[in-house]
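Listed here are the chains, written in short residue letters.
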Amino acid sequence: MSGAAADPGKRSRKARRSGLTGRRAEWFAILWLTAKGYRLLERRFGGKGGEIDLVMKRGLTVAFVEVKARGRLDDALTAVTPEKRRLVERRIRHWLARNPWANDHHLRADAVFLAPWRRPCHVPAAFALVL
């Protein structure tokens, strides 16, 4: 017996490629947002059960950024589901508990959508936070 089924620690080729694509998309989003004046506070906060891709700050705004990369921009725009929002909000509460200084800032849930050969699409306040 060999492969991922024999060793749960090994990831499939598709899962590794997806992870690499996600990390690459996050770096593009960081570069895009940095050019817009944001500063990276944290990357990939959380883990299984939901994570915050990026925590960025500009002025008195702390933006919790969901990054979605898809083959088509329209597919990326629909990738933030209500379930994903709930999981991200849970992680935001956890992040805020560790960073109480941020409670005095404007908190926002942004998204950056990416697709090949398209400009990144940054959507400030992509969804309302229910904290």
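Here the structure is a predicted model, which means the values were calculated and not measured. (Residues numbered from 1 in each chain as written. Predicted model: local features only at pLDDT ≥ 70, side-chain atom pairs only at ≥ 80, totals over all residues. Heavy atoms only, no water.)

Q: I would appreciate a short explanation of the nonpolar core in the present structure.
A: In a soluble, globular protein the nonpolar side chains are often hidden away together inside. Ranked by size, the top nonpolar core spans 15 residues in total, and within it I52, V55, V62, F64, I92, W95 and L96 carry the most contacts. Every element with two or more residues in this core is listed here: strand 2 (50-58), strand 3 (61-69), helix 3 (82-98) and strand 4 (106-114). Element by element, the count of residues in this core is highest for helix 3, at 4 residues. Those residues in contact with V62 that lie beyond four places of it in its chain are V55, M56, K57, W95, W101, A102, H105, H106, L107 and R108. Residues Y38, L54, M56 and A63 belong to the second largest nonpolar core, which totals 12 residues. (Core = buried A, V, L, I, M, F, W, Y, C linked by side-chain atoms within 4.5 Å. Buried < 20%, exposed > 50% of the residue type's maximum accessible area, 1.4 Å probe, protein only. Helix = DSSP H or I, 4+ residues; strand = E, 2+ residues; numbered from the N terminus. Contact = heavy atoms within 4.5 Å.)

Q: Can you walk me through helix 3 in this structure?
A: Each turn of an α-helix holds 3.6 residues, which means side chains three or four residues apart point in the same direction. Taking 1.5 Å per residue as the helical rise, helix 3 with its 17 residues ought to reach 24 Å, and the 25 Å between its terminal C-alpha atoms agrees with that figure. Turning to helix 3, its buried residues are K84, L87, V88, E89, R91, I92, W95 and L96. (Expected span 1.5 Å × (residues − 1).)

Q: Honestly, the confidence of the model for the protein chain in this entry has me stumped. Any pointers?
A: It should be kept in mind that the predicted coordinates are not to be read in detail where pLDDT is low. Taken residue by residue, the protein chain gives an average pLDDT of 85. The fraction at 70 or more is 79%. Looking across the protein chain, the model is least confident in helix 2 (residues 73-77), with a mean pLDDT of 66, and most confident in strand 3, with 94. In the model, residues 1-6 has pLDDT below 50 throughout and makes 3 contacts with residues more than four positions away in sequence or in other chains. (pLDDT = per-residue confidence, 0-100.)

Q: What exactly am I supposed to notice about the environment of G46 here?
A: For G46, the position within the fold is in strand 1 (residues 39-47). Residue G46 is classed as partly exposed on the basis of its relative accessible area, which comes to 45%. Residues G46 and R91 lie 45 residues apart in sequence; the distance between their C-alpha atoms is 6.3 Å. Residues within four places of G46 in sequence aside, it is in contact with E51 and R91.

Q: Could you clarify how one ought to interpret the layout of surface pockets in this entry?
A: Here the idea is plain: a probe the size of a water molecule rolls over the atoms and shows the empty space left. Looking at the second largest pocket, its volume works out to about 300 Å³. Lining the second largest pocket, in full, are T21, R24, A25, F28, A69, R70, G71, L114, A115, P116, R118 and P120. The greatest single-element share of the lining of the second largest pocket, amounting to 4 residues, is contributed by helix 1 (residues 13-35). Its residues placed into classes, the lining of the second largest pocket shows 7 nonpolar, 2 polar and 3 charged. (1 Å grid on protein atoms, 1.4 Å probe; cavity = no way out; pocket = protein on both sides within 12 Å on 5 of 7 lines; lining within 4 Å. Points joined across faces, edges and corners; volume = space filled by probe spheres on them. Nonpolar A, V, L, I, M, F, W, Y, C, P; charged D, E, K, R; others polar.)

Q: Any chance you could explain the pairing of strand 5 (residues 121-127) here in plain terms?
A: Taken residue by residue, a regular strand's side chains alternate between the two faces of the sheet. Pairing of strand 4 with strand 5 involves 4 bridges; the strand directions are antiparallel. The residue bridging V112 from the neighbouring strand is H122, located in strand 5. Taking the residues between adjacent antiparallel strands as the criterion, strand 4 and strand 5 are bridged by 6 residues, where W117 takes a positive phi near 65°. (Pairing = 2+ DSSP bridges.)

Q: Can you help me understand the pattern of salt bridges in this one?
A: Here the idea is simple: oppositely charged side chains can pair when their charged atoms come close. Applying the stated rule across the entire model yields 7 salt bridges. Its salt-bridge partner being E66, residue K68 comes within 3.3 Å of it at the nearest N-O pair. In this structure K68 comes out as buried when scored by relative accessible area, which is 12%. Across the pair E83 and R86 runs a salt bridge, and its minimum N-O distance is 2.7 Å. Of this pair, E83 and R86 both sit in helix 3, separated by 3 residues, roughly a single helical turn. Since its relative accessible area comes to 39%, E83 is described here as partly exposed. What you see here is one network of salt bridges that share partners, running through E26, R43, R44 and E51. (Salt bridge = Lys/Arg side-chain N within 4 Å of Asp/Glu carboxyl O.)

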